[in-house]
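# Topology and contacts: notes
Single-letter residue listing:
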Amino acid sequence: MQMMGTFIKPMHPEGTKFVAIFAAVTFVLFVFSTFLGWIGVGLTVWCYYFFRDPERVTPDRPGLIISPADGVISLIEPAVPPAELGMPDEALTRVSVFMNVFNCHVNRTPVSGEIRAVSYRPGKFFNASLDKASVDNERNSLCVKMDNGQELAVVQIAGLVARRIVCFVEPGATLQRGERFGLIRFGSRLDVYLPKGVEPMVRIGQTMIAGETVLAELPAATEEGA
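Here is a short report on the structure shown in this document. The structure displayed is predicted, hence computed values, not measured ones.

## Comments concerning the packing of aromatic side chains
Evaluated as defined, the whole model comprises 1 aromatic pair. Between F30 and W38 the ring centres are 5.6 Å apart and the planes differ by 80°, which places this aromatic pair in the edge-to-face class. Judged by relative accessible area, W38 falls into the exposed class, the value being 56%.

Below is the structure:
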């Protein structure tokens, strides 16, 4: 049973209809060609794998900021958070996590706190690894207000093949660090705008695990809940 749990992960409900569609197409392919049918089986398994939603063990030490997504750090640079969030118009350190089509795409909140704002903005579908994707691509932005009063922005960005951003939360909701808040279908990126004065503890090219990998840590004097 433990071995099965290593390879077979629970699937997020968002994936049910997509797996059903892939399975139906696979059935039709088998009618015409065994070879094409087995290709369909492979794609159906991939679709199930894409929507996997494994349990994660989130570090509970106060002050930690956790990766919101599985993937690889693609950018670390100063940038102004999306204007629609109503945050101060000043550059913060932005850490970008790029997700390819093989990563788990369930997104988790980096810190505990109240969702102060949620804002969706339509846009283009450039490759999510490009810097301009933060400005031009379709996105959904959240501002999380921590117990210490500081704010952190996390932005879901659609990618080259992504065509749907899903967000499960609304303004006023209270989330715990590592709690699920959304997902993006088929390749995308998450941007985290760290609070002022907070330095990242990761490097470009480093692999992230949503809900587990530490991105940064608040100074002791300004920790969450302090």
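Back to the text.
## Some words on the sheet that holds strand 9 (residues 174-175)
In spatial order, the strands read 9-5-6-7-11-3-2-12; together these 8 strands make up an open sheet with antiparallel pairing. Each edge of the open sheet carries a strand with a single partner, namely strand 9 and strand 12 (207-208). Here strand 5 (residues 113-121) pairs with strand 9 via 2 bridges, running antiparallel. By the bridge assignment, G113 is partnered in strand 9 with L175.

## Some remarks on the packing of helix 2 (residues 16-32) against helix 3 (residues 34-50)
Viewed as axis vectors pointing N to C, helix 2 and helix 3 meet at an angle of 170°, and their least axial separation amounts to 7 Å. Taken as axis vectors, helix 2 and helix 3 run roughly antiparallel relative to one another. Seen from helix 2, the contacting residues are F18, V19, F22, A23, T26, L29 and F30; seen from helix 3, they are T34, L36, G37, W38, G40, V41, L43, T44, W46, C47 and Y48. Residue composition of the contact of helix 2 with helix 3, grouped by class: 13 nonpolar, 5 polar and no charged.

## Considerations on the pattern of salt bridges
Side-chain pairs of opposite charge can arise where the charged atoms are in close proximity. The tally for this structure, following the rule as stated, stands at 11 salt bridges. Of the charged contacts in the structure, one is a salt bridge between R180 and D53, with a shortest N-O distance of 2.9 Å. Of this pair, R180 sits in strand 10 (residues 180-184) while D53 sits in the loop between helix 3 and strand 1 (64-66), placing them 127 residues apart in sequence. D53 gets classed as buried once you look at its relative accessible area, which sits at 10%. For the salt bridge of R61 with E217, the shortest nitrogen-to-oxygen distance reads 3.2 Å. Of this pair, R61 sits in the loop between helix 3 and strand 1 while E217 sits in strand 13 (residues 214-217), and the two are 156 residues apart along the sequence. Judged by relative accessible area, which is 26%, E217 ranks as partly exposed. The structure contains a network of salt bridges with shared partners spanning D53, E55, R108 and R180.

## Remarks on the pairing of strand 3 (residues 92-99)
Counting buried positions along strand 3 yields 6 of 8 residues, so the element is predominantly enclosed. Bridge analysis of strand 2 (residues 71-79) against strand 3 gives 7 bridges, and the strand direction is antiparallel. Across the sheet, I76 pairs through a bridge with V95, a residue of strand 3.

## Describing the sheet that holds strand 8 (residues 165-167)
Spatially, the 3 strands line up as an open sheet ordered 4-10-8, and their pairing is antiparallel. Looking at the sheet topology across the chains shown, the edges are occupied by strand 4 (106-108) and strand 8. Each adjacent strand pair in this sheet contributes to an overall mean axis angle of 25°, direction not counted. Bridge count between strand 4 and strand 10: 3 bridges; the pairing is antiparallel. Of the residues in strand 10, the one forming a bridge with N107 is G182.

## Observations regarding the nonpolar core
By size, the foremost hydrophobic cluster in this structure holds 28 residues, and its most contacted members are I65, I73, V154, F181, L190, L194 and L215. If we ignore the near neighbours within four places in the chain, the residues touching I73 are V95, S96, V97, V202, R203, I204, G205, Q206, M208 and L215. Residues A79, L85, L92 and A117 belong to the second largest nonpolar core, which totals 10 residues.

## Brief notes about the environment of V41
Mapped onto the fold, V41 is located in helix 3. You can call V41 partly exposed: its relative accessible area is 27%. Excluding residues within four positions of it along the chain, V41 makes contact with T26 and F30.

## Re helix 2
Between its first and last C-alpha, helix 2 extends 25 Å over 17 residues, near the 24 Å set by a 1.5 Å rise per residue. Looking only at helix 2, the buried set comprises F18, V19 and T26. An end-on view of helix 2 places all buried positions within 95° of arc, on one side of the element. Those residues of helix 2 that are exposed and aimed more than 90 degrees away from the buried face are K17, F27, V31 and F32. Looking at the buried residues of helix 2, the elements they touch are helix 3.

Thresholds, definitions, all that
- Residues numbered from 1 in each chain as written.
- Predicted model: local features only at pLDDT ≥ 70, side-chain atom pairs only at ≥ 80, totals over all residues.
- Heavy atoms only, no water.
- Phe/Tyr/Trp six-rings, centres within 6.5 Å; stacked < 30°, edge-to-face > 60°.
- Buried < 20%, exposed > 50% of the residue type's maximum accessible area, 1.4 Å probe, protein only.
- Pairing = 2+ DSSP bridges.
- Helix = DSSP H or I, 4+ residues; strand = E, 2+ residues; numbered from the N terminus.
- Axes fitted to C-alpha atoms, helices over the stretch in contact; angles between N-to-C directions.
- Parallel < 35°, antiparallel > 145°, perpendicular 65-115°, else oblique.
- Contact = heavy atoms within 4.5 Å.
- Nonpolar A, V, L, I, M, F, W, Y, C, P; charged D, E, K, R; others polar.
- Salt bridge = Lys/Arg side-chain N within 4 Å of Asp/Glu carboxyl O.
- Core = buried A, V, L, I, M, F, W, Y, C linked by side-chain atoms within 4.5 Å.
- Expected span 1.5 Å × (residues − 1).
- Arc of directions from axis to C-beta.

Don't take any of this as a statement about function, it's just geometry.
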